[in-house]
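Coordinate inspection notes
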Amino acid sequence: MSHREAILEAIQFSASCLLKDPLHGSIWTNEVPEVMERLGHATDAFRVCVFQNQPCPHHDEKFCISLKSEWTRPSLEPWTGTTTAQSIPFSRLFPEAFQDLSKGRPASLSAAGPPLFFERPTRKIRQSPVVNIPIMIDYLLWGFLSFEEGQKDQVLTKIEIDALKTVADILGAAIHRQMMVEIYQIPVENSTIGIFLLQDRRITFLNPWFAKIFGYLRNDLANRPFLDLLVAQEDRALVEQHLQQKTEEPDEPGYYTFHGIKKDGTRIIVELSWMRGTFLEQPAIVGTVVDITKRTQNQAALITGYVGTVVDIDNRKEYEKTLKASLDEKSILIMEIHHRVKNNLQIISGLIRLQARQITNKQALEALHECETRVITMALVHESLYQSNNLANINARLHISNLANTLVMSDDHEVHIDLDLDVDDMTLDMNMAIPASLIINELVINALKHAFVGRTQGRIRISLHRESGTMLSLIVSDDGVGLPPGMNIAQIKSLGLKLVMRLVRNQLKGDVTILSDKGTSFQMRFPEVPAAPASVQRSAGSGEHDA
């Protein structure tokens, strides 16, 4: 089997290991070591390491790394466990490699230079090429994959390095996902409020404190009926009524107290708050419980012998706190969804780029490149939503600026392009952001390919304005050669322009006017989709889109 085929198999294995759902425990004990062993055999490397960016012990160092995980051939002495493999001043030792890695580019260290990151005084240093592949999370350098080759003349090809970059992207997505799991899991598991999830009146999930409130072990309550087991007989009708209310008024939070029954038969007073949600794509009830028995008894003792009124707002404060925590959790979850979609789209882009390396047909290569830019464009929308404060709308001015600059810088052209952006400070929801971004992608790429033939400089202008009423005006124009005389846009065979017309008319419900005078101008008008309130945006999922 060739290196290329072995690396492709390693990519598939990496995706199956690191992107499976759910991941249990730490990826560093099971999944990552297996992936590194596959990569080592696929590349004939002597050593494969994962180095992580760590705080530097000295303030004058820019970037220090520490060994996170390692695979070696049996003949090599591992670095794991050595103090010299920690806090290595990489930016000072290899400044050029650091610059490349920080920009998301692979960096190779030749056999002529010091290939190891630190000296081993008891061993003869073996001069071997080292290839470092960046691991990026949120466009920042988290660390890198390092491959120490076995021979001085053994060099990975550019195609193989691109394939390894896809593995690093997959690893970066898995690391980020593990970080998010820990952010959720640690607070829930260690919370001093009982947290539970119901499906079909049965307890699908509970944290340790929930079991403690009712005097059970955690496993004793898994998949057991909530009403029959934990609610006192006289209050079951009340709880059942509130459960039924969740079906009729799903967006209204439920909040009340009832008498609960512990495992030993003791009666307690329980304060409950719950809302309807989904779990594994099925309806569910997510709630919290607090044992307020002692607090209720103390309050009763305090008012004995007094005449007057007392307003206890502890319950309300606790409810507000619980509701805010629930909203914050949903916001983080939506952010994670957008981030995971963006990461998956980037992986798809990397796979398309890898496939393109094996194709020589010019027309097929061009089609794959156009497909890759569309995937990247959709990934940018999800990244903008991930960074947005309200998670459902994006800032049009910032997003279009990032998109246009990305397209101009990534396209392989020799013409110097001046970008003229005139975009209102407004927001776009996802139903407008994705088709509008794809339209800009197609028209900018089309201008770069055809508008400036034989020239060294050109200008592309993008404007987006709110007109009177609820209409938006999007214009993408250039000062290029213009359209050929007598050209009928309706009969053109270009997939990109067909996609533009379909997106404007079918998805944005708008119209297109094309002018060709001192260049080409596509002028589109479509109705604005009103932005949802912030509270809705933080709890609503994204819609579906098709081109």
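Preceding this paragraph is the structure being described.
Report on the accompanying structure. Position numbers for residues start from 1 in each chain and track the written sequence from start to end. This being a predicted model, a pLDDT of at least 70 is required before a residue's local features are given, and a value of 80 or more before pairs of side-chain atoms are given or counted; all residues contribute to the totals for chains, interfaces and linings. Only heavy atoms go into the side-chain values, all of them from the structure, while hydrogens and water stay out.

Two measures describe an aromatic ring pair: the distance that separates the ring centres and the angle between the ring planes. Pairing of aromatic side chains requires ring centres within 6.5 Å, counting the rings of Phe and Tyr and the six-membered ring of Trp. Pairs whose planes differ by under 30 degrees are stacked, by over 60 edge-to-face, and all others tilted. Under the definition given, this model contains 10 aromatic pairs. With a centroid separation of 5.9 Å and 10 degrees between ring planes, the pair formed by tryptophan 28 and tryptophan 142 is classed as stacked. With tryptophan 28 in the loop between α1 (3-18) and α2 (31-43) and tryptophan 142 in strand β5 (residues 140-149), this residue pair connects regions lying 114 residues apart in the sequence. Here tryptophan 28 matches tryptophan 142 in class, with each residue buried. Consider the rings of phenylalanine 226 and tryptophan 274, whose centres lie 6.4 Å apart with planes at 50 degrees: the pair is tilted. With phenylalanine 226 in helix α8 (residues 226-230) and tryptophan 274 in strand β9 (residues 267-279), this pair connects stretches of sequence that are 48 residues apart. The helix count covers DSSP runs of H or I at least four residues long, the strand count covers runs of E at least two residues long, and both are numbered beginning at the N terminus. Only protein chains enter the accessibility calculation, which uses a 1.4 Å probe; a residue is then buried when its area is under 20% of its type maximum, exposed when over 50%, and partly exposed in between.

What follows covers the sheet that holds strand β3 (residues 107-109). The 5 strands lie next to each other as β2-β1-β5-β4-β3, forming an open sheet whose pairing is antiparallel. If you trace the sheet from one side to the other, it starts and ends with β2 (64-72) and β3, each paired once. Direction aside, the axes of adjacent strands within the sheet are offset by 25 degrees on average. Here, strands pair whenever DSSP counts at least two bridges between them. With 8 bridges joining them, strand β4 (residues 130-137) and β5 adopt antiparallel strand pairing. Considered in β5, the bridge of isoleucine 133 is made with leucine 145. Note on definitions: a residue-residue contact is assigned when non-hydrogen atoms from the two residues lie within 4.5 Å. Under this scheme, a helix contributes an axis fitted over its contacting stretch, all axes are lines through C-alpha atoms, and angles between N-to-C directions fall in the 0 to 180 degree range. Seen against the sheet, α2 touches β1 (45-54), β2 and β5 and runs at an angle of roughly 70 degrees to β2. With respect to the sheet, helix α4 (residues 95-102) is in contact with β3, β4 and β5, its orientation differing from that of β4 by roughly 40 degrees.

Let us now look at the pattern of salt bridges. The rule for a salt bridge is simple: a side-chain nitrogen of Lys or Arg has to be within 4 Å of a carboxyl oxygen of Asp or Glu. Following the criterion strictly, the structure yields 13 salt bridges and no others. It is possible to trace a salt-bridge network through shared partners that takes in Arg47, Glu70 and Glu148.

What follows concerns the pairing of strand β10 (residues 282-291). Sheet topology note: the strand β6 (residues 194-199)/β10 ladder contains 5 bridges and is antiparallel. Opposite glycine 194, over in β10, you have valine 289 as the bridge partner. As paired strands, β9 and β10 are joined by 10 bridges and run antiparallel to one another. Pairing of arginine 276 across the sheet is with isoleucine 285, part of β10.

Another aspect to go through is the state of the cysteines. Disulfides are defined in this document as cysteine sulfur pairs within 2.5 Å. One pass over the full model with this rule turns up 1 disulfide. The side chain of cysteine 56 participates in a disulfide bridge whose partner is cysteine 64; the two sulfur atoms lie 2.4 Å from each other. The chirality of the disulfide connecting cysteine 56 with cysteine 64 is right-handed, given an S-S dihedral of about 120 degrees. Look at cysteine 56 and you get partly exposed, because its relative accessible area is 21%.

Bringing the side chain of arginine 47 into the picture now. As for its placement among the helices and strands, arginine 47 is situated in strand β1. Exposure remark for arginine 47: the relative accessible area of 5% places this residue in the buried category. Side chain to side chain, arginine 47 and glutamate 70 meet in a polar contact 2.7 Å long. Polar contacts, as used here, are pairs of N or O atoms within 3.5 Å; protein pairs need one atom able to donate a hydrogen and one able to accept it. Residues neighboring in sequence count only if both atoms are side-chain atoms. There is a polar contact of 3.2 Å between the side chain of arginine 47 and the backbone oxygen of glutamate 77.

Turning our attention to the nonpolar core. Membership of the largest hydrophobic core comes to 45 residues, with the highest contact counts inside it found for Leu428, Ile439, Ile462, Leu464 and Met524. Of all the secondary-structure elements, those providing two or more residues to this core are α12 (362-387), α13 (396-410), β12 (416-423), α14 (430-450), β14 (457-466), β15 (471-478), α15 (495-507) and β17 (520-527). The element best represented in this core is α14, accounting for 12 residues. Apart from the residues lying within four places of it in its own chain, the contact partners of leucine 464 are Ala396, Ile400, Asp422, Val423, Asp424, Met426, Leu428, Leu472, Ser473 and Leu474. In this structure, Ile135, Leu156, Ile161 and Ile347 belong to the second largest nonpolar core, which totals 38 residues. In this text, buried Ala, Val, Leu, Ile, Met, Phe, Trp, Tyr and Cys residues form a nonpolar core when linked through side-chain atoms within 4.5 Å.

Turning our eyes to something else, we now look at unusual backbone geometry. With a phi close to 55 degrees, aspartate 200 is a non-glycine residue in the positive phi region. We classify aspartate 200 as exposed; its relative accessible area is 74%. For lysine 509, which is not glycine, the phi torsion reads 55 degrees and is therefore positive. Position of lysine 509 among the secondary structure elements: in the loop between α15 and β16 (511-515).

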